[in-house]
Each structure stands twice: as structure tokens, then as C-alpha cells.
Amino acid sequence: MPRARSTTRESCSLSQHTSDWGEMTGNRSRRSGHGLREAATAILAANDHGTHVVPGPGQYPAQWNWDSALIAVGLAHIDPARARLEVEQLLSGRWDDGLLPHIVFRPSDVDYFPGPSVWQSQGMAGAPIVAVSGITQPPVLATAIRVLHECHPDIGFLERSVPSLDRWHRWLHDNRSRSNPLVAIVHPWESGTDNSPRFDKPLSLVSAVDVGRFQRRDLEHVPAEQRPGDEEYGRYASLVEQLRDRSYRPTSDEPLEFIYIDVAFNSILAVAEDDLAWLRQQIGLPAQEARERAAALRQGIAETWDDELGGFLDFDLRQGMPVIESLECVTSLLPMYAGVADQNQLGKLIDTLWDPTGFGPSPEFPVGITSVVKRSDRFDPRCYWRGPVWVNMNWLLVQALRRHGRQEEASRLRDRTLDLVQEHGFYEYYDPRTGEGIGCSRFSWSASLTLDLLERP
Ligand code: 2M8
């Protein structure tokens, strides 16, 4: 259970950070973080199911991979022991060969579709004891563990967790590389940005199962306009069945209905490889291989740049073609997070980031950063990953701007994100016209990343 903020010397330069922030905004309550910090802590406490913090109440009744990593980033500041437990519980869902699943079901009778009876992991060779899914999610966990260790060093914890982390990264390269260093995803859910418009065309080629065959649970919690449509769900479910038939490990020569190079997933992995290398060094293990994997990923991402279109393009491996629509999605900015962009490329990405017709705030849409460019006819301000503002994307972009020395812009985005949660609460996503919180309420990563934005300079 998260407690009040740690007062130990490792509390991540809180005083320095909050005083800078106050100077820039002149906002009294935000200057100290009072109220916001307590409110965020309360959300994490309420969503704490003992072994794991759920992403949000009701709609998400299990442990999700990148949610838990991002939750651990926030818990690092208020309850490092609880953060370590979060990580260890997630890692206990690892398959023998290294796959860290996107969901760990605890308990296994959860009210969620697709639940354990659909994934059917238990009984499969190499599955963990606990029921899990058979696909993965953006690998941000190494980065989270690094944040945790930098705030509160614990060598014993690293010795226990780093080998599993290492196995997962190796699994991604061994199982998901197709003749190029970038790793592929085999389900839109693996991207974490499920109904992003960049998947529209590739997903339209996937055969759908009849939605009458299953019952969607998400619509019991959130209005349909804010979620993917039935047609998309029919295809998501079909992909799960197709992958399950291959025990979630399709061989590299098997034709797949969805196989996709997501530049954002690879950017997150490149940073995670750096962080894994750093973590291995802390416990006296060689770091060279992780460093080489990071360098190879960066090289692969750099090669996705299209000079004419001015962006890093995703690639649909099934059709063998770049995905132009990926440039309409905020995920296309994440090569900045990985430090891949050169000066010219960086300039272009930052222009799009702040462009009022792009991802940036505008008079009609004053809240940023939108998940899709506003000039796109696919932009929808209330539908999930097709337009709303997400705290985790803003957080990744704050790290990206900091990495490139754009401190003023990073602070601006951090402040806007904190304003948003302060005024509207901790939601899954936000309507960029009004800031209204939509999707799941009392959403954990919106709370945990608020804590991190408050505590880490
Ligand atoms: C959303 O995805 C799940 C499927 O994994 C869902 O819609 O039921 C995504 O936003 C994903 O990124 C997130 O990890 C998950 C839990 O918050 O919800």
C-alpha cells in the first residue's frame, strides 16, 4: 500500500524540482505539489490489489505489463518496497523462454475479455503457473527499474530481477526480429496504442471472428464512442485465436495476418537496452551485448526515416510496405525519446509536436499533446488512441525533450500535464478540447507518472 512520500535522502531532489516549477508557473498549489501528490498516492492505494496495482478499477481487473512498469516509476518515489513487489509480481508471469506477457491474471476468474479461458496459457509448455496472455507490450520495464534503483538502490533486488529482464529482451530479439534489427509486433495490443489509426489498414486485412461469439466487457465501463469498434474487436479476437493456435510462438517463416514494425515499440526498447546495460553494470555483469542491441536498434530506427515525408515510418511486414499513416500518430515522435533523430530530423519532429494542426495545442484544442494530428480526418478527440491526450505519452515526450536538452519545452509539457491532472483528475485519457477526463477514471499510470513529474527534475 503506498504510504506518504519518503523523507529519506534518496527522495530524488524533490525540493529543487518543485522550486523551479513554482518559478515558472506561479501556481501556489503546484509549486509544492501538495494536494496533487496526495491525490495521486490515494489513487495508487485504492487500485492496489496487494500483489499488483490494477491499471484502473473495474475495466482493467488484472496486472498489465507496461502499466505496472509505469506504476513502479511512481511508486519509486513514495514506496520503493511496494514498487519492487510490483516488478517482481510482473516478472513472476514470465514464460520459461523469456516472454513477459502483456497481462498477468490474478485472480484468474477476472471479469475481462479476453480472459484466461481465451488465452489458455495454463497447460501450454513453458507457461508460468499463473494465468497470463501470450503476447507482450512496450518494454519500458528496464527503464522503470533503473528509475527505482536510482531513487532507492537495492542490489539484491537487481540480482533477482535483472536476469528475467535480460531473458525478455533476448526473447524479443530472438523471436521477433525479421531480417533486420527491429523487432516486430504481432497484435496491435502489443503496441499499447491499440486502435491507433496507423493500424487501420493492416488490421482491415485480418479475418474477423463474429463479435456475437464473445462478450465485450469494456463497454460495461466506458461509452462505445470512446472505445474501439466491434469490427476491430472481432479482428483483435481473431488474432488472439490465430496466435494461440501457434502457442504464441509463430516461426519466422510462417505467414501472419498481422506483423508490423512499430517505431515507438523499438524506440522504447532501445532505451530499455541502455538501461538494462546500466543495471547489469550495477551488479557486475557484462553490459556489452545490451549496448550492442541498443545500437543496432537505433541504426534500424534511423533507417526508417523518410526524407520526403519528414518522419520515421512504421512498416507493415505483411504487405511489405511503409505505413504513411504512422506519421499522423504521436508514436512517430518517439525516436526522439531514443535519441535517434539528428538535428534536422529533430527540428521536424519538434515542429510537429507543437504544431497546432499537428499534436500541439490550438485555440480549439488547447490541451496537448494529442495522440493523432488534428489535421487528419482520422482524428477523433474522444476515441481512445485516435486523438485524446494520454499522460504516458506526455511523460515519454518530456523525457525525449530533456534528452535533447530542450529543458524549456520539457518543462512546458510537464507543467501542462500537471495542470491537466490537477484540474480534471486522473483519467485514462483526456478530451483535448476541454481537458475532460474520459475512458477509465482513477487511472493508475496517470497518477504514478504525475508523481514522477513532480519528483524528478
Ligand atoms: C489498453 O489495452 C487493453 C488491451 O491490452 C484494453 O483495451 O483492454 C491500452 O491502453 C494499453 O496500452 C493498456 O496497457 C491497457 C491497460 O491500461 O489498456
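As the structure is a prediction and not an experimental result, all values here were calculated from the model.

The rules behind these values
Residues numbered from 1 in each chain as written. Predicted model: local features only at pLDDT ≥ 70, side-chain atom pairs only at ≥ 80, totals over all residues. Heavy atoms only, no water. Near = heavy atom within 4 Å. Polar contact = N/O pair within 3.5 Å; in protein donor to acceptor, adjacent residues only side chain to side chain. Areas by Shrake-Rupley, 256 points an atom, 1.4 Å probe, with all protein chains shown as cover. Nonpolar A, V, L, I, M, F, W, Y, C, P; charged D, E, K, R; others polar. Phe/Tyr/Trp six-rings, centres within 6.5 Å; stacked < 30°, edge-to-face > 60°. Lys NZ or Arg CZ within 6 Å of the ring centre and 35° of its normal. Helix = DSSP H or I, 4+ residues; strand = E, 2+ residues; numbered from the N terminus. Expected span 1.5 Å × (residues − 1). Bend = angle between axes of the 7 residues up to and from the residue. Buried < 20%, exposed > 50% of the residue type's maximum accessible area, 1.4 Å probe, protein only. Salt bridge = Lys/Arg side-chain N within 4 Å of Asp/Glu carboxyl O. Contact = heavy atoms within 4.5 Å.

Caption draft 1: Region of interest: the site of the ligand. By nearness alone, 16 residues border the ligand, and Asp67, Tyr112, Gly192, Asp194 and Tyr384 come closest of all. With respect to the ligand, the side chain of Trp66 contributes an N or O atom lying 3.0 Å from an oxygen atom. For the ligand, whose accessible area on its own is 410 Å², the fraction buried by protein is 100%. In terms of residue class, the shell around the ligand is made up of ten nonpolar, three polar and three charged.

Caption draft 2: Quick look at the packing of aromatic side chains. Counted by the stated rule, this structure contains 24 aromatic pairs. Of the aromatic side chains, those joined through ring pairs into one cluster are Tyr60, Trp64, Trp66, Tyr112, Tyr384, Trp385, Trp390, Tyr429, Phe443 and Trp445. A cation over a ring is seen here: Arg227 above Tyr384, with NZ or CZ 4.5 Å from the ring centre. Residue placement shows Arg249 over the ring face of Trp95; its charged tip is 4.4 Å from the ring centre.

Caption draft 3: Broad picture of helix H8 (residues 155–176). With 22 residues, H8 extends 31 Å between its outermost C-alpha atoms, agreeing within 8% with the 32 Å of an ideal straight helix rising 1.5 Å per residue. Within H8, the axis deviates most sharply at Ser161, by approximately 35°, and proline Pro163 lies no more than four positions further along. Capping the start of H8, Asp154 holds a side-chain oxygen 3.2 Å from the backbone nitrogen of Gly156, two or three residues further along.

Caption draft 4: Focus on the environment of Ala296. Along the chain, Ala296 falls in helix H12 (residues 288–302). A sequence separation of 116 residues divides Ala296 from Asn180, and the C-alpha atoms of the two residues are 9.0 Å apart.

Caption draft 5: Representation of helix H14 (residues 391–403) in the model. Counted at 1.5 Å a residue, the expected span for H14 with its 13 residues is 18 Å, and the 18 Å between its end C-alpha atoms agrees. For H14, the tally of buried residues reaches twelve of 13 residues, placing the bulk of the element in the interior. Looking at H14, one finds that the buried residues are Val391, Asn392, Met393, Asn394, Trp395, Leu396, Leu397, Val398, Gln399, Ala400, Leu401 and Arg402. Gly405 sits one or two positions beyond H14 and adopts a positive phi of about 75°.

Caption draft 6: Here's a closer look at the pattern of salt bridges. According to the stated counting rule, one finds 38 salt bridges in the structure shown. Measuring nitrogen to oxygen at the nearest pair gives 3.0 Å for the salt bridge that ties Asp275 to Arg146. One end of the pair, Asp275, is in helix H11 (residues 263–282); the other, Arg146, is in helix H7 (residues 141–151), and 129 residues separate them in sequence. Classification of Arg146 as partly exposed rests on a relative accessible area of 21%.

Caption draft 7: Here's a closer look at the side chain of Ser332. As for its position among the elements, Ser332 is in the loop between strand E8 (321–323) and helix H13 (343–354). The buried category is assigned to Ser332, whose relative accessible area is 6%. Of note is the side chain of Ser332, whose polar atom sits 2.8 Å from the backbone oxygen of Cys329. Ignoring anything within four residues of it in the chain, the contact list for Ser332 reads Phe312, Ser326, Leu327, Leu349 and Phe359.

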